[in-house]
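The lines below spell out each chain.
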Amino acid sequence: MRFMVRSFILCLSFLLFATGATAAPADSRGVYWTEFDRVRSANLNGSNPQTLTSAILTSPVALTLEPASAKLYWVDATSREISRSNLDGSDIEFVFKPAPLPGGGGLRDVQLDVAAGQLYIVDIGYNRIQRADLDGSNVVTLVRTPGGNTARLALDLPAGKMYWTNHGEFGSGQGIFRANLDGTGVEELPIPGLAEPWGIALDTAAGKVYWTDSGSGTINRANLDGSGAETLLSGLSAPWELELDLANGRIFWADILANKIQSANLDGSGLTDLVDTGLVDPSGVAYDAQQDVLYFSDGDGSRIYQVKPDGSDLAVLIDAGVSSPFQVAVDPLREKVYWSEASGNIWRSDLDGSAAEILFGGLGAVTDVEVDPLRGYLYWGGVGGIYRARLDGSGQRLLTPGFDVFGIGLDNANGKIYWTETSPNRAVVKRANLNGSNQEELYSEVGFSAFAGDIAVDGRGGRIYFSNILGILSADLDGQNVSTLVPGLQAPIGVDLDLRRGKVYWAESGRGRIARANLDGSNVTPVVLLAPFTIGLDVQPLP
């Protein structure tokens, strides 16, 4: 289940909600969904999309500084964006994002040529190194890097050169390369014995290139032409990003397995742990020589920190806010939005995204979340089963044990809760009473591609609707008379219903869209086109 949650965080959840007995205006907000790092809403026909609340960052993996204008740039691996802020973390703004990729991949590093006003970008999704203006405009592809294994980039502006590492894959393709800044003259440096080169930094005055090798657990250097290679430090866990403080003769790096920020002298002596507690996945490192401050990112911790080079004055510069929202549900009576995070939190806010707060934290992997407004209960699923609590957060308990619960659907008309579970080579649909008693298995799939996504229930109509890896299925409430309503889809994860209009909606991961059809599967229509990897769906009709 943990793998499944991590795989779908770049995704979307969806919801249509009822506003009560009063007729709603034509432009009422009817669709709520989570997308990558934010919660959004739109009208029922998909028009007028708005962002209600969003993460500041989700997986920052590379940092670089622009001292002249006191700006910090970073790459976010999850949202596939480049953003920047002031050095105190204020005035965050989006800079650059490539076109979405159905197969994944994205940005990995960014470096600056301040004098020329340009960014150099490593894009592993399209296997290339690009250049753009500092505002993200005038993008030019400089070098194609087959394999998508380029890790980090360093610039030698006086010599008109750029250097980069390829970390390789399955024991091949490793290398350190350089080219002219316009992308011509690509050459591989003759450095033997590379396992998984990653971070790279230059001391151009001394004619040296430094790099980390996370595969061999070493930090190394050589002449700029690749000759004279030597190992400075060995026995490290997985050194990743690398930065030099040449004025004071120091190296800084992030170790993603040891979860540390470390330093040493340029000759490898004086190994020191600067930050060794509280980190999850430290990666990007940038040093501000003018202020003598070290910045680093914690990818899975979704934070950017600053610290003095001696390890003192550690502070969180930018925190995540909402991180990897997974599924969303609306309580129209109390005008609240609830959403789950893959990191194990359940949030709620007002319908406009204000007053956001964590209702439950530290729950482990949380998938679906559902609201019973009339009874005042919140249900959620994840590893271990289905849980229930009151909407004020009290009375939390395990309702029914289960293995890797993915989707939940409530049938208040008949006092039932339905859910899906997916385990290796088997997927099932189950139901129980709302108090967790009388658990039944209704449907199952077996095989390598077995998967059951979200589920929705038409209690009065006597049908359930759920997704598998290729389509939208329907069955009687007892699991009999299963039929495929909409075949030929690409990983439809979320499903829900607008019974007033006789519609079934789904969020289709492979095509990056929300679509709908009649309850018999006819008249398939796209509603909202989004980035790839969409997940959940939860629909209640507007009156």
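Residues numbered from 1 in each chain as written. Predicted model: local features only at pLDDT ≥ 70, side-chain atom pairs only at ≥ 80, totals over all residues. Heavy atoms only, no water.

## Details of the pairing of strand β23 (residues 260–265)
Here is step 1 of the chain: Two elements, strand β22 (residues 250–255) and β23, share six bridges in a ladder whose sense is antiparallel. By the bridge assignment, A254 is partnered in β23 with I261.
Here is step 2 of the chain: Across three bridges, β23 lies against strand β24 (residues 272–275) in antiparallel orientation. Across the sheet, residue Q262 finds its bridge partner in β24, namely D273. (Pairing = 2+ DSSP bridges. Helix = DSSP H or I, 4+ residues; strand = E, 2+ residues; numbered from the N terminus.)

## So, the sheet that holds strand β42 (residues 463–467)
Here is step 1 of the chain: Taken in spatial order, the four strands make up an open sheet running β41-β42-β43-β44, and their pairing is antiparallel. Only two strands of the sheet have a single partner each, and these edge strands are β41 (455–458) and β44 (483–486). Looking at each pair of strands side by side, their axes are set apart by 30° on average, direction ignored. (Axes fitted to C-alpha atoms, helices over the stretch in contact; angles between N-to-C directions.)

## Here's the deal with unusual backbone geometry
Here is step 1 of the chain: Within the chain, N481 stands out as a residue other than glycine whose phi angle is a positive 55°.
Here is step 2 of the chain: In this structure, N481 sits in the loop between β43 (472–476) and β44.
Here is step 3 of the chain: In this structure, N523 takes a positive phi of about 60° despite not being glycine.
Here is step 4 of the chain: Looking at where N523 falls in the secondary structure, it is placed in the loop between β47 (513–518) and β48 (525–529).

## Structural notes on the nonpolar core
Here is step 1 of the chain: Core analysis: the biggest nonpolar cluster contains 14 residues, and Y73, V75, I82, L119 and I121 have the highest contact counts within it.
Here is step 2 of the chain: Looking at this core, the elements with two or more residues in it are β5 (60–66), β6 (71–76), β8 (93–96), β9 (107–113) and β10 (118–123).
Here is step 3 of the chain: Sort the elements by how many residues they give to this core and β9 lands first, with three residues.
Here is step 4 of the chain: In this structure, V122, L142, A179 and L181 belong to the second largest nonpolar core, which totals 13 residues. (Core = buried A, V, L, I, M, F, W, Y, C linked by side-chain atoms within 4.5 Å. Buried < 20%, exposed > 50% of the residue type's maximum accessible area, 1.4 Å probe, protein only.)

## A short note on the environment of L107
Here is step 1 of the chain: Position of L107 among the secondary structure elements: in strand β9.
Here is step 2 of the chain: In this structure L107 comes out as buried when scored by relative accessible area, which is 5%.
Here is step 3 of the chain: The spacing of L107 and G125 is 18 residues in sequence and 6.9 Å in space, taken between C-alpha atoms.

## Regarding the pattern of salt bridges
Here is step 1 of the chain: Counted by the stated rule, this structure contains 15 salt bridges.
Here is step 2 of the chain: Note that R152 is salt-bridged to E241, the shortest N-O span being 2.8 Å. Residue R152 is located in strand β13 (residues 150–156), and its partner E241 is located in strand β21 (residues 239–245); the two are separated by 89 residues in the primary sequence.
Here is step 3 of the chain: Relative accessible area serves as the criterion here: at 5%, E241 is assigned to the buried category.
Here is step 4 of the chain: Among the ionic pairs, R426 bridges to E441, the shortest N-O distance being 2.6 Å. Pair noted here: R426 is in strand β39 (residues 426–433) and E441 is in strand β40 (residues 440–446), with a separation of 15 residues, a long-range link.
Here is step 5 of the chain: Using a relative accessible area of 33% as the deciding quantity, one classes R426 as partly exposed.
Here is step 6 of the chain: One network of salt bridges, with partners in common, ties together K71, R84 and E93. (Salt bridge = Lys/Arg side-chain N within 4 Å of Asp/Glu carboxyl O.)

## Concerning the confidence of the model for the chain
Here is step 1 of the chain: Per-residue confidence for the chain averages 80 on the pLDDT scale, and 80% of its residues sit at or above 70.
Here is step 2 of the chain: Per-residue pLDDT stays below 50 along residues 1–31; that stretch engages in 115 contacts with residues further than four places along the chain or on separate chains.
Here is step 3 of the chain: Confidence over residues 531–543 falls short of pLDDT 50; this stretch has 91 contacts with residues more than four positions distant or in other chains. (pLDDT = per-residue confidence, 0-100. Contact = heavy atoms within 4.5 Å.)

## Some remarks on the packing of aromatic side chains
Here is step 1 of the chain: Per the counting criterion, the structure on display carries eight aromatic pairs.
Here is step 2 of the chain: Between W339 and W347, the aromatic rings sit 5.9 Å apart at their centres with planes inclined by 10°, giving stacked as the arrangement.
Here is step 3 of the chain: A residue is classified by how much of its surface remains accessible, and W339, at 0% relative accessible area, is buried.
Here is step 4 of the chain: Using a relative accessible area of 12% as the deciding quantity, one classes W347 as buried.
Here is step 5 of the chain: A network of ring pairs unites the aromatic residues F360, W380 and Y387 as a single cluster.
Here is step 6 of the chain: Taking the ring centre of Y377 as reference, the NZ or CZ of R388 above it sits at 4.1 Å. (Phe/Tyr/Trp six-rings, centres within 6.5 Å; stacked < 30°, edge-to-face > 60°. Lys NZ or Arg CZ within 6 Å of the ring centre and 35° of its normal.)

## Observations regarding the side chain of T150
Here is step 1 of the chain: Examined against the element boundaries, T150 turns out to sit in strand β13.
Here is step 2 of the chain: A polar atom in the side chain of T150 sits 3.3 Å from the side chain of T145.
Here is step 3 of the chain: Discounting residues that sit within four places of it in the chain, T150 has contacts with R108, V122, I124, T145, W164, T165 and N166. (Polar contact = N/O pair within 3.5 Å; in protein donor to acceptor, adjacent residues only side chain to side chain.)

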